[in-house]
Amino acid sequence: MSAQYSFTEIENKWQKQWENTQLYRVSIDANKPKYYVLDMFPYPSGSGLHVGHPLGYIASDIVARYKRLNGFNVLHPMGYDAFGLPAEQYAIQTGQHPAVTTEQNIQRFREQLNIMGFSYDWDRQVKTCDPNYYQFTQQIFALFFEHWYNKQSQKAEPISNLIAHFENHGSDQLHAHGGKIEAFTPQEWKAMSALQQHNILNQFRLAFIDETTVNWCEAMGTVLANEEVINGLSERGGYPVVRKKMKQWSLRITAYADRLLSGLNTLQWSDAIKEIQRNWIGKSQGAEIDFVVRGTLKTLKVFTTRPDTIFGATFMVVAPELENLQEFCSEDQWPAVQAYANKAKNRSEIDRMADTTKTGVFTGMEAINPFTGEPIPVWVSDYVLANYGTGVIMAVPAHDERDFAFATTFNLNVIPVIKPVNSELELPLKEAFSAKDGVCFNSGFLDGLPVKEAIGAAIEKVEKAGWGQAKVNYKLREAGFGRQRYWGEPFPIVYNEEGIPQLVNPLPVELPQVESYKPTGNGESPLSAVSQWVNTPHGKRETDTMPGWAGSSWYFLRYTDPQNTQELASKEALSYWQQVDLYVGGSEHATGHLLYSRFWTKFLYDLGYITWDEPFQRLVNQGMIMGEDGQKMSKRWGNVVNPDDVCAQYGADTLRMYEMFLGPLTDSKPWNTHGIEGVSRFFGKFWRLFYEGEQWAVTQETPTAAELKILHKTIKKVTEDIESMSFNTSVSAFMVATNELGTLKCRKKEVLETLLILMAPFAPHITEELWSQLGNTSSIHIASWPKYDASHLVENSFSYPISINGKTRAQIEFELNASEADIQATVLSHELVVKWMEGKPLKKFILVKGRIINVVV
RNA sequence: GCUCGGGUGGCGGAAUAGGUAGACGCGCAGGACUUAAAAUCCUGUUUUCAGUAAUGAAAGUACGGGUUCGAUUCCCGUCCCGAGCACCA
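It should be emphasised that the depicted structure is a prediction, and the values quoted were computed from it without experimental measurement.

## A short note on unusual backbone geometry
Next, step 1: Cis geometry is found at the peptide bond from Asn505 to Pro506, where omega equals -10°.
Next, step 2: Omega for the bond connecting Leu507 with Pro508 falls within 30 degrees of zero, at 0°, which places this linkage in the cis form.
Next, step 3: Note that Pro508 resides in the loop between strand S21 (501–503) and helix H15 (531–534).
Next, step 4: The phi dihedral of Met725 falls on the positive side, at around 55°, and the residue is not glycine.
Next, step 5: Relative to the elements of secondary structure, Met725 occurs in the loop between helix H23 (705–723) and helix H24 (727–743).
Next, step 6: Judged by relative accessible area, which is 8%, Met725 ranks as buried.

Here it is as structure tokens:
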């Protein structure tokens, strides 16, 4: 090896060496504590990685290497989220099979990842499009299909339990989370046809066939999830999206809404992500109250979070999509209502949201406010959503902005019933008073009660009078699980002659070859054209495929035992590796992958497959690296920086170090080509600590106190930084140490060797090389992490244990000119009182970082 | 509109159980080496004022208040930027 720092040579050499010796291969080792550090696996796109991608991978690799050096058995795998739309779009355009292009892309990703020297155990690589993998995705789907959610035991239970319940008790005493059914007796259940029974069970299965309004994208010929639609256009491609009724598979995620909410409190995630999930789940507590429609026996059920305002409910509004709308309309108003409802249906979401003025039509009917006994008009308006609550509201214009706007537009009655605690409302109201810290008035028995108490009192009254009951609502919707696409997991489902879905065995149900990847355009998947695959002796196969998030909702479990052909992972592997200790990835998956993974984990926990019910204990969201122009890096802007090029020019260690040096991991920041020069220079200086010109210069001399101080300061700093994931300041610490040791011309083995270990997680290649040049025969990556010794950090000072403001501080160091024998020090509050021995007056000394900065006589 | 973050030199950013603000890097300026350049190394670099200079003084972490011996850090108010949610009753 030459005396110059030749990174290309060094990096190639050690990457090969690590591969040959399988240095990063791990297996279960009961004698070591485990640590599981995981990156969000990438979708292997055709354009490869840019310098933004590795940011999180570098951070997790540093932690993985650090934990190994600290004696942990570290699981640090990588894989590919390989099913998805881009490969399929590419297939439609070129006719190339998605499996072929995906495999090519994976090879490219693998090469790029290897160049950067990550310590993955590649034997554990998973690909979601591999039948060996997706047979278990199908199996988990089958488990969802075969289970229902028992609200009493608060967990998923086998569907056979539910059938037994129906056989013994009918629909009585049912605590199942699910859809609405008509009551039936055990005898009636037994007399039902298979199809009738199926229709009832379908209301409770956790994987079920749902008839819902879906986001239909005509251009792509497929259904999209809510999060794939932005402002009425598809996220990918920007095609228009319309609402359409369709039957498709869904997962009953709402059964887990409460647990998904409360589980957040146990996690070390950023507040931002937790908040996004909380908003998404959208729990709100209130009451459902029945309003009798005047002159009929019918009732309109409303959901409200503000039953305390019910004395001010002066009209009602029903959603135009309500199915039995006509029942709540007078004959003469029906044509107008119907016209309005039709118009609302065809109005796109984007129009509806953009329109701030309220529209609506009177139904011609009135309902009775149960609290006041007064008749109030019933209106139809599209500001009320059919799929939230009951699709009907009681409008309290005095205390709700939307109701106020509506009442103003149509000149409806406004009755204030809540006023501020210490003042009066200004009448007539100019805007709704929606604050929750008010007091009731004009409200009969609620008068004088503060809002919070009045809510409880109103609900109590409602329940006693039999008008309704307390109710919790969620914004969270069932998770649509079908896509009319080719490149995804096929469902393990066939439909028999009666159209009843049946599970298929054995798994996997492999994806067949097709002539064309194009969607049929009538809403069916390209698979429906493969008749020899679709038609089986047991019936017709389901031709939809699973959505992109299916495979990614459990892959972290598969890494523990990726080659297992019998089960998704062995009990032994799962109980050893357990949940992910540290998960690193982008925040854009907050309401998708991160929520679904939690849902699947809780389900598998209920079934006893795993013993923990949260997948990712600690989550860190790395920021984005922008182009130098501040734009997001993309081909479109022509501002993509390729990591291969950077590695070729500066080396992988420099790239790794520089990406960490750019700023806090979680911040977004621009890539700056000049900045990398500084890190590159640093490696030159670092190398020259070991070489004097051409000459190897490391000596065996004993380090001086000053040198040990530099070393131990660095150990302390870097250790704390890695624990808190502040990698940017660690890089600074290495630079400082290198500069200081360079100034001291310190070439002592004891110091340099320890410094190498500290830097090994950041710059694995150069440290490995110098480590071996120092004469070590085993890899630096299995060395032990150094501990710092505080005694080296104190110099020319006396230290006294003291306490400040009642809190104990271990020690405070300070410098004094007088010798210790001359003074006597005591501590009062935050002040150190130093008394001279020879009867001089008391003086108070104010300490700042161990130095006396002020003297108060 | 609501909910979270965040405003520090020319730039990226350090420093918060309150304690010498501006670490480290970039850029810039000057110097050494060189015939010259590159590379490398050294020095300086918040602002203002005073001084030939070493140096000294004052101000300074978006703005205005407060608590404190002491505030970038804690509290109240204002402004600005970013992210998320957005007719969810």
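## Let's talk about the sheet that holds strand S20 (residues 493–495)
Next, step 1: Read from one edge of the open sheet, 4 strands run S21-S20-S23-S22, paired in antiparallel fashion. Taken across any chain shown, the strands that pair with only one partner, and hence form the sheet edges, are S21 and strand S22 (535–536).
Next, step 2: Pairing between S20 and S21: 3 bridges, direction antiparallel. Pairing of Val494 across the sheet is with Gln502, part of S21.

## Brief notes about the packing of helix H22 (residues 675–690) against helix H25 (residues 749–759)
Next, step 1: Where H22 contacts H25, the axes come no closer than 11 Å and their chain directions differ by 150°. With respect to H25, the element H22 is oriented roughly antiparallel. The two elements H22 and H25 meet at a crossing, and its hand is left-handed. In this structure, H22 uses Phe682, Phe683, Phe686, Leu689 and Phe690 to contact H25, whose residues at the interface are Leu752, Leu755, Leu756 and Met759.
Next, step 2: Residues that form the contact of H22 with H25 fall into these classes: 9 nonpolar, no polar and no charged.

## Comments concerning the environment of Ile493
Next, step 1: Looking at the element boundaries, Ile493 is found in strand S20.
Next, step 2: In this structure, the C-alpha to C-alpha distance between Ile493 and Phe410, residues 83 residues apart in sequence, is 53 Å.
Next, step 3: Those residues in contact with Ile493, other than ones at most four positions away along the chain, are Phe141, Trp249, Pro501, Gln502, Leu503, Val504, Lys540, Arg541 and Glu542.

## Describing the packing of aromatic side chains
Next, step 1: Following the criterion strictly, the structure yields 61 aromatic pairs and no others.
Next, step 2: Above the face of the Phe208 ring, Arg252 is positioned so that its terminal group lies 3.7 Å from the ring centre.
Next, step 3: Here Lys358 stacks its cationic end above the ring of Tyr383, 5.1 Å away from the centre of that ring.

## Looking at the confidence of the model for chain A
Next, step 1: Confidence in the prediction of chain A, expressed as mean pLDDT, is 87, and 90% of residues score 70 or more.
Next, step 2: The low-confidence segment residues 795–844 (pLDDT under 50) makes 87 contacts with residues lying over four places distant or belonging to another chain.
Next, step 3: Long-range and interchain partners of residues 846–857, a stretch whose pLDDT sits below 50, account for 28 contacts in this model, where long-range means more than four residues apart.
Next, step 4: With pTM at 0.90, the complex prediction returns an ipTM value of 0.94.

Each value, and the rule that gives it
- Residues numbered from 1 in each chain as written.
- Chains lettered and ligands numbered in written order.
- Predicted model: local features only at pLDDT ≥ 70, side-chain atom pairs only at ≥ 80, totals over all residues.
- Heavy atoms only, no water.
- Helix = DSSP H or I, 4+ residues; strand = E, 2+ residues; numbered from the N terminus.
- Buried < 20%, exposed > 50% of the residue type's maximum accessible area, 1.4 Å probe, protein only.
- Pairing = 2+ DSSP bridges.
- Axes fitted to C-alpha atoms, helices over the stretch in contact; angles between N-to-C directions.
- Parallel < 35°, antiparallel > 145°, perpendicular 65-115°, else oblique.
- Left-handed = near helix turned anticlockwise from the far one by under 90°.
- Contact = heavy atoms within 4.5 Å.
- Nonpolar A, V, L, I, M, F, W, Y, C, P; charged D, E, K, R; others polar.
- Phe/Tyr/Trp six-rings, centres within 6.5 Å; stacked < 30°, edge-to-face > 60°.
- Lys NZ or Arg CZ within 6 Å of the ring centre and 35° of its normal.
- pLDDT = per-residue confidence, 0-100.

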